[in-house]
Number of protein chains: 2
Amino acid sequence: MSKVSDFPYESTLEVRDTCMCLHLQRAARAVARRFDEAFRPLGLTNGQFSILMSLNRPEAPVMGDVARLLALDRTTLTANLKPLERRGLVEIRPDADDRRSRRLKLTKDGEQLLLQAHPIWRDTHADLDSQIDDPQRLRDDLLKLA
Amino acid sequence: MSKVSDFPYESTLEVRDTCMCLHLQRAARAVARRFDEAFRPLGLTNGQFSILMSLNRPEAPVMGDVARLLALDRTTLTANLKPLERRGLVEIRPDADDRRSRRLKLTKDGEQLLLQAHPIWRDTHADLDSQIDDPQRLRDDLLKLA
DNA sequence: ATAAAATAGGTTGATGTCAAAGGTTTCGGA
DNA sequence: TCCGAAACCTTTGACATCAACCTATTTTAT
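Computed from a prediction, not measured in an experiment: that's the story for all the values here.

(A) Fine view of the overall build of chain A. From N to C terminus, chain A includes seven helices and two strands. Put simply, chain A runs from its N terminus to its C terminus through helices and strands in the order α-α-α-α-α-β-β-α-α. Taken over the C-alpha atoms alone, chain A extends approximately 70 × 40 × 30 Å along its principal axes. Evaluated residue by residue, chain A yields a buried proportion of 49% over its 146 residues. Long-range pairs, those at least 24 residues apart, make up 49% of the contacts in chain A between residues at least 6 apart in sequence. Summed over its atoms, the accessible surface of chain A is roughly 7,600 Å², and 49% of this surface lies on carbon and sulfur atoms. Averaging the positions of the 24 positive and the 23 negative side-chain charges in chain A gives two centres separated by 5 Å.

(B) Here's a closer look at helix α2 (residues 20–39) of chain A. Helix length check: α2 of chain A (20 residues) gives 28 Å between terminal C-alpha atoms against 28 Å at 1.5 Å per residue, within 8%. Of all 20 residues in α2 of chain A, 14 are buried, a share of seventy percent or more.

(C) Up close: the packing of aromatic side chains. For the coordinates displayed, the defined rule picks out four aromatic pairs over all chains. Both rings, one in F35 of chain B and one in F39 of chain B, keep their centres 6.1 Å apart while their planes meet at 35°; by these two values the pair is tilted. Residue F35 of chain B and its partner F39 of chain B are located together in helix α2 (residues 20–39), separated by four residues, close to a single helical turn. Residue classification places F35 of chain B among the buried positions, given a relative accessible area of 1%. For F39 of chain B, a relative accessible area of 0% translates into the label buried. Taken together, the ring pairs in this structure connect F35, F39 and F49 of chain A into an aromatic cluster.

(D) Just the protein's contact with DNA strand D, in detail. The immediate surroundings of DNA strand D are formed by 27 residues, with R29, R33, G64, T78 and R102 of chain A found nearest. Sugar and phosphate atoms form 71% of the subset of DNA strand D atoms that lie within 4 Å of the protein. At 3.2 Å, a backbone N or O of M63 of chain A approaches a phosphate oxygen of DNA strand D. Contributing elements (two or more residues each) for the surface near DNA strand D: α2, α4 (63–69) and α5 (74–86) of chain A together with α5 (74–86) of chain B. Residues of the surface near DNA strand D, tallied by class, amount to five nonpolar, nine polar and 13 charged.

(E) Broad picture of the nonpolar core. Of all hydrophobic cores here, the largest spans 83 residues; its most connected members are L24 of chain A together with L24 of chain B. When residues no more than four places from it in sequence are discounted, the contact partners of L24 of chain B are L24, A27, A28, V31 and L142 of chain A together with L142 and L145 of chain B.

(F) Just the side chain of S50 of chain A, in detail. Positionally, S50 of chain A belongs in helix α3 (residues 46–55). Judged by its relative accessible area of 12%, S50 of chain A is buried. The contacts of S50 of chain A, once residues within four sequence positions are left out, are L70 of chain A together with L22 of chain B.

(G) Local environment of the packing of helix α7 (residues 135–145) of chain A against α2 of chain B. Packing of α7 of chain A against α2 of chain B brings their axes to within 8 Å, and their N-to-C directions diverge by 30°. By the angle between their directions, the pair α7 of chain A and α2 of chain B is classed as roughly parallel. Remark: the crossing between α7 of chain A and α2 of chain B carries left-handed chirality. From α7 of chain A, P135, L138, R139, L142, L143 and L145 of chain A reach across to α2 of chain B, where they touch M20, H23, L24, R26, A27, A30 and V31 of chain B. Here the contact of α7 of chain A with α2 of chain B is composed, by residue class, of 10 nonpolar, one polar and two charged.

(H) Molecular detail of the protein's contact with DNA strand C. The local shell around DNA strand C holds 27 residues, among which R33, G64, T78, R100 and R102 of chain B are the closest. Across the atoms of DNA strand C situated within 4 Å of the protein, the share located in sugar and phosphate is 77%. R33 of chain B places a side-chain nitrogen or oxygen 2.4 Å from a phosphate oxygen of DNA strand C. One nitrogen or oxygen atom from the side chain of T78 of chain B is found 2.4 Å from a phosphate oxygen belonging to DNA strand C. Elements with a contribution of two residues or more to the surface near DNA strand C: α5 of chain A together with α2, α4 (63–69) and α5 of chain B. If one sorts the elements of the surface near DNA strand C by residue count, α5 of chain A sits on top with six residues.

Rules behind the numbers
- Residues numbered from 1 in each chain as written.
- Chains lettered and ligands numbered in written order.
- Predicted model: local features only at pLDDT ≥ 70, side-chain atom pairs only at ≥ 80, totals over all residues.
- Heavy atoms only, no water.
- Helix = DSSP H or I, 4+ residues; strand = E, 2+ residues; numbered from the N terminus.
- Buried < 20%, exposed > 50% of the residue type's maximum accessible area, 1.4 Å probe, protein only.
- Contact = heavy atoms within 4.5 Å.
- Areas by Shrake-Rupley, 256 points an atom, 1.4 Å probe, with all protein chains shown as cover.
- Lys, Arg positive; Asp, Glu negative; His and termini not counted.
- Charge placed at Lys NZ, Arg CZ, Asp CG, Glu CD.
- Expected span 1.5 Å × (residues − 1).
- Phe/Tyr/Trp six-rings, centres within 6.5 Å; stacked < 30°, edge-to-face > 60°.
- Near = heavy atom within 4 Å.
- Polar contact = N/O pair within 3.5 Å; in protein donor to acceptor, adjacent residues only side chain to side chain.
- Nonpolar A, V, L, I, M, F, W, Y, C, P; charged D, E, K, R; others polar.
- Core = buried A, V, L, I, M, F, W, Y, C linked by side-chain atoms within 4.5 Å.
- Axes fitted to C-alpha atoms, helices over the stretch in contact; angles between N-to-C directions.
- Parallel < 35°, antiparallel > 145°, perpendicular 65-115°, else oblique.
- Left-handed = near helix turned anticlockwise from the far one by under 90°.

Here it is as structure tokens:
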């Protein structure tokens, strides 16, 4: 009688097969690797690409805007910007009106890199989309969770 | 004539609205935060929960098995096991037959923690599932991408 | 039998992720 | 006016993620 209550294997199988968090993490990791590989010639990761892309607006956004758009912690964004700033792809400067805020501005170099990255994104993304019956439906579901 | 080719804003909007990678990362981050918060009283993250759960099998798996199941890099799994081993939730020992392989065994403490974690998972997951029209369809899509 | 290839895993270095705690600036109500 | 709450951001510490490079063991082809 040495056994204390075992955790049932059936529950493990239930979690393994139905856990939305696990399914999301797996898919997110796998897709991230595909984009990371595609962008590697440019020295960009998928996350860096998303950040740079989000900065290409008529008006340079502030950090909170970008963090919300990417569903990213503000402190994570602060960290992620460091390599981009170091490479001269992004400029960070205090907002003129609200000195708490910092404007994130894509540099000319950053813009040129986006120009190179876009066709890579288009091709990789087309491959991916073709694997899914209804990509827009999937995106809608993902939006509901974010 | 100082302007070099701008990267068009329309392309940015296209990427922002359709990029499956971005949608996945956003949803994965948001859902991960929800589970992290729910598991916090147990000192577990969503990823640690997934690893522990994947070890609850009749036969203790080896690292490669688990890495493939979680769509996780082998070296990432090595790193993730360290805190779990330190807490005495997992035991790592060389396989008897193949000395390259290492068996990952859930300890009694690990099993007890799973016992506590499961109802938290069930409740959090039920909340999540109720936000989606057809959770199984979403899981199927995510499986195709992983 | 043995050398080459394949398999299993670890180490290092760079980056990504977030909570907790803290600073500065702005805003809104008394 | 002014003071407390809210907003914006940073730093720190812990963990997560992967590529590149490495060792050890097993398998395979000759």
